[in-house]
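# Summary of the model geometry
The lines below spell out each chain.
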Amino acid sequence: MTDRKPVADLTDADAAEELAFLAAELARHDALYHGQDAPEISDADYDALKRRNQAIEARFPALRRPDSPEGHVGAAPSGLFAPVVHARPMLSLDNVFSDEDVQDFLASVYRFLGQIPDGSIAFTAEPKIDGLSMSLRYENRRLVTGATRGDGTTGENVTANIRTIAEIPETLPEDAPDVVEVRGEVYMARSDFFALNAQMEAEGRQTYVNPRNTAAGSLRQLDATVTATRKLRFFAYAWGEMSAMAAETQYEMVAALGRWGFPINPLMARLSTLEDLLGHYRAIGLARADLDYDIDGVVYKVDRLDLQARLGFRSRSPRWATAHKFPAEQAFTHLTAIDIQVGRTGALTPVARLTPVTVGGVVVTNATLHNEDYIKGIGNAGQPLREGRDIRIGDTVIVQRAGDVIPQIVDIVLEKRPEDAVPFAFPRVCPVCGSHAVREKNEKTGKLDSVTRCTGGFVCRAQAVEHLKHFVSRNAFDIEGLGARQIDFFFTAEDPALSIRTAPDIFTLERRQQASLTKLENIDGFGRVSVRKLFEAINGRRQVALHRFIYALGIRHVGETNAKLLARSYGDYDSFATAMIAATPGSEAWEDLNRIEGIGEVVARALVEFYREPRNLDVVGRLLQEVTPLAAEPVAAASSPVSGKTVVFTGKLEKMTRDEAKASAERLGAKVSGSISAKTDYLVAGADAGSKLDKARGLGVTVLTEDEWLAMTAG
Ligand code: IVH
């Protein structure tokens, strides 16, 4: 293997090529060894091939092949993709909302160019697609990298996933330049989104919220075979680095992208006057409901590229373009009732029941009322909302649906209030279990929390059911066939051979079924096949990634991100649980917990409280008899000069964001901490570093500049 490039020097293209070679080669040697008992190479040489494959996969996780010699077990290692520094930054757009704002935008363009606003400058106007921006790099007319926007400077390498999108060409025609970077939007068509959700529902799985999030989730799959099952699409509308330009205007450049095989949006027009631009905006607004993709506005861009170059950029957005957003959609209707929903953490959320009304093409029957104060007309900071108007049953209300968020009641029509409408009395007891419902006092501000919470905990049926739904949800145990409907059924089942009250019961169901005559398969809604599949799905989760396990516990404030941080910091479940039990405030375990970058005191307290509650320990104990949390995969590339080291970042970093710095350090096996201690190995100090720098010097910790750190971790 000595004649091969060091892994650190490989380009994406090299890596992809070599991974393909290694997959084929290792498969051949496997066959020779196992199948024909006639190995061609020594064990040591075989191991060397395998190690090289592992090393390349570790550095290019997104390029890992579906037929990887490492197999599929354990799927996502760390949830991280390799960073890609964009050859040209990926910018965002300024937003404007009114006709006057558009007029101001045009005026500013003319003013900047020193011209009178005579309508002589042409602009393009096209839909603003509500998807994810993507940069596609082609070298010698072959696709080499697909990268997300990230922070605009550095994105994530999602090439393997991009290759599964049929609308994105693998190769470009001969007349395309040597280096082409196409920018555009990856999205999921509404029809494909609805079909996917119908399928999820039929399988008893949780449905997705909206096409955009689904597209984002699909793209960020570490296993490209999963992305391949989702129909993603693409519109090209811009470019990054180009070794040669195909045209002198925006309009013709996009046309060239179309000729090279990229889908381009048919609603793009080239216009000059304010009236024409606004006219096109309205036309696109009217067409919106019939489009098979979500859009949230219209983008105007100066057409001539030489003028674009003169106009240049502000810090993050070009002066030559702006996005004219559509207003949130609103409608009038009647509020017929206010119901209270009780969530997993006991929060009582008031929900408005409405006379059905269409808001932007979608029938709305419910809207959130947030909390007690919102109904009263009081904002989170105590300020009046709706000029202090409260919301009463019987009111005529204005419902708003902005994008995909849950519809809201933004106001009421006071003149139409019926005489008998009385202010809503927010419940003081949980409507489900009857326990007291209280608003906790925020310790820091001394103010009442806006959320009213049921104090019933485990006795509250609503909390228990919601907890189970969370436990089986996609980012937790992800048990197919156990959706909301099924959980409701099992939770209410009286028969001991059918009932599921706590998470461990899920894993004992099959045994209880075998010992009983009440067979699930004879119950309406469960056939023989679906029961078999359900047990397969349950048994398939008896081993589960540690971060999923932690997330599934449903500890307050411990979402997916925190669960990952904890899994990565503690490595295995025993270390984690032992530390949580030991972590009383002031203890060393408490200090360690608080030192994990990203874990704040609120989260730390919630963890410690969870592990102090005997009932939780009982449930977790029973769960562990059925399920094994898999130790978090070591993130370290063993050879990295910083693996195993504890690093602290402070001050303003110039070349990377704090998050990036952290992610890359962790990828190299370092532990990133938020505070300096004697255990700290390196402090990376950016500009204006303060007390941490002093403390590090005091403790004799090695201090590095950002450049020194980059030099040390490069290659
Ligand atoms: S142009 C330099 N055109 O909107 C300008 N962006 O809010 C680069 N977007 O990050 C962007 N449709 O993801 C442009 N027709 C369109 C777009 C569009 C959607 C997204 C893009 C960008 C974001 C900015």
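Being a predicted model, the structure only gives us computed values, none of them experimental.

Let us look at the nonpolar core. Side chains of a nonpolar character, in soluble globular proteins, are inclined to be buried together. Counting residues in each nonpolar core, the largest one holds 61 residues, and the members touching the most others are Ile506, Leu566 and Leu593. Of all the elements, helix 20 (residues 601–612) adds the most residues to this core, at seven residues. With sequence-adjacent residues up to four places away left out, Leu566 is seen in contact with Ile550, Val558, Gly571, Phe576, Leu593, Ile596, Ile599 and Leu607. By size, the runner-up hydrophobic cluster in this structure holds 37 residues, among which are Ile168, Tyr208, Leu257 and Leu305.

As a structural note, the neighbourhood of the ligand is formed by 15 residues, with Glu126, Ile129, Ser133, Glu185 and Tyr237 the closest of them. Here a nitrogen atom of the ligand and a backbone polar atom of Pro127 are 3.2 Å apart. Among the elements of the structure, strand 3 (123–129) and strand 10 (295–302) are those that each provide at least two residues to the shell around the ligand. At four residues, the largest contribution of residues to the shell around the ligand is made by strand 3. Residues that form the shell around the ligand fall into these classes: eight nonpolar, two polar and five charged.

Ordered in space as 22-21-23-24, the four strands form an open sheet in which the pairing is parallel. Each having just a single partner strand, strand 22 (671–673) and strand 24 (702–704) make up the two edges of the open sheet. Direction aside, neighbouring strands of the sheet carry axes that sit 30° apart on average. As paired elements, strand 21 (residues 646–650) and strand 22 share three bridges and run parallel to each other. By the bridge assignment, Thr646 is partnered in strand 22 with Lys671. Sitting on the sheet, helix 23 (residues 691–699) touches strand 21, strand 23 (682–685) and strand 24, and the angle it makes with strand 23 is about 145°. Its contacts with the sheet place helix 24 (residues 706–713) against strand 21, strand 23 and strand 24, and it is angled at close to 95° to strand 24.

Where helix 3 (residues 99–112) contacts helix 9 (residues 274–287), the two axes come as close as 11 Å, and the packing angle between them is 135°. The angle between the axes of helix 3 and helix 9 places the two elements in the oblique class. Where helix 3 crosses over helix 9, the two elements pack in a sense that is right-handed. Side by side, helix 3 and helix 9 meet where Asp99, Val102, Gln103 and Leu106 of the first sit next to Leu274, Leu277, Leu278 and Arg282 of the second. Taken together, the residues that form the contact of helix 3 with helix 9 break down as five nonpolar, one polar and two charged.

Under the local residue numbering, the UniProt record ascribes the feature "active site" (unreviewed entry) to Lys128. Along the chain, Lys128 turns up in strand 3. Every residue in contact with Lys128, bar those within four places of it in the chain, is listed here: Leu93, Asp294, Ile295, Asp296, Gly297, Val298, Val299, Ala323 and Lys325.

For the rest of this paragraph, the subject is the side chain of Asp303. On the secondary structure map, Asp303 appears in the loop between strand 10 and helix 10 (305–311). Under the relative-accessibility criterion, Asp303 is labelled buried at 3%. In terms of polar contacts, Asp303 uses its side chain to reach the side chain of Arg270, at 2.8 Å. The residues contacting Asp303, other than those within four sequence positions of it, are Ala122, Phe123, Thr124, Glu248, Thr249, Gln250, Tyr251, Arg270 and Gln308.

This part is about the packing of helix 19 (residues 588–595) against helix 20. A packed helix pair is summarised by two numbers, namely the angle formed by the two axes and the spacing between the axes. Contact geometry of helix 19 with helix 20 gives a least axis separation of 9 Å together with a crossing angle of 135°. Taken together, the axes of helix 19 and helix 20 are oblique relative to one another. Every pair of crossing elements has a handedness; the one defined by helix 19 and helix 20 is right-handed. Where helix 19 abuts helix 20, its residues Trp590, Leu593 and Asn594 lie against Glu601, Ala604, Arg605, Leu607 and Val608. Across the contact of helix 19 with helix 20, the residue classes tally to five nonpolar, one polar and two charged.

Listed in full, the buried residues belonging to helix 24 are Glu706, Trp709 and Thr713. Projection of helix 24 onto a plane perpendicular to its axis shows the buried side chains occupying an angular sector of 60°, all on one side.

Turning our attention to the environment of Leu448. Summarising the element assignment, Leu448 is placed in strand 18 (residues 448–454). A C-alpha to C-alpha distance of 9.6 Å links Leu448 and Val438, two positions ten residues apart in sequence. In this structure Leu448 touches Arg439, Glu440 and Lys441, once residues within four positions along its chain are discounted.

Between its first and last C-alpha atoms helix 9 spans 20 Å; for 14 residues at 1.5 Å apiece the expected length is 20 Å, and the two agree. By the burial criterion, the buried members of helix 9 are Leu274, Leu277, Leu278, His280, Tyr281 and Ile284. Down the axis, helix 9 shows its buried residues gathered within 155° of arc, on one side only. Exposed positions of helix 9 whose direction lies more than 90 degrees from the buried face are Glu275 and Leu286. Buried residues along helix 9 sit against helix 3, strand 3, strand 9 (269–271), strand 10 and strand 11 (321–325).

Conventions we followed
- Here the residue index of a chain counts from 1 through its sequence in written order.
- Note on the predicted model: pLDDT of at least 70 is required for a residue's local features to be given, and 80 or more for side-chain atom pairs to be given and counted; whole-chain, interface and lining totals, by contrast, use all residues.
- As a convention, hydrogens and water are excluded, and side-chain values are obtained from all of the structure's heavy atoms.
- The criterion is simple. A nonpolar core is a set of buried Ala, Val, Leu, Ile, Met, Phe, Trp, Tyr and Cys residues joined through side-chain atoms within 4.5 Å.
- Remark: exposure states derive from per-residue accessible area (1.4 Å probe, protein chains only) relative to the maximum for the residue type, with buried under 20%, exposed over 50%, and partly exposed in between.
- Numbering of helices and strands runs from the N terminus; a helix is a DSSP stretch of H or I covering at least four residues, while a strand is a stretch of E covering at least two.
- The contact rule is simple, with two residues in contact once any of their heavy atoms fall within 4.5 Å.
- When at least one non-hydrogen atom of a residue lies within 4 Å of a molecule or strand, that residue is treated as near it.
- We call two N or O atoms a polar contact when they sit within 3.5 Å, provided that within protein one can donate a hydrogen and the other can accept it, with sequence-adjacent residues counted only if both atoms are side-chain atoms.
- By the convention adopted, Pro, Cys, Tyr, Trp, Phe, Met, Ile, Leu, Val and Ala count as nonpolar, Lys, Arg, Asp and Glu as charged, and the other residues, Gly among them, as polar.
- Here the rule is simple: two strands pair whenever DSSP picks up at least two bridges between them.
- Lines fitted to C-alpha atoms define the axes, with helix axes restricted to the stretch in contact, and inter-axis angles between N-to-C directions lie between 0 and 180 degrees.
- Should an angle fall under 35 degrees it is taken as roughly parallel, and over 145 as roughly antiparallel, whereas 65 to 115 is taken as roughly perpendicular and any remaining angle as oblique.
- In a left-handed crossing the near helix is turned counterclockwise from the far helix by less than a right angle, and in a right-handed crossing that turn is clockwise.
- UniProt positions are given in the numbering used here, feature names are shortened, and annotations may be inferred rather than shown by experiment.
- To obtain the arc, one takes the directions from the helix axis to the C-beta atoms.
- A helix is expected to reach a length of 1.5 Å times the quantity of its residues less one.

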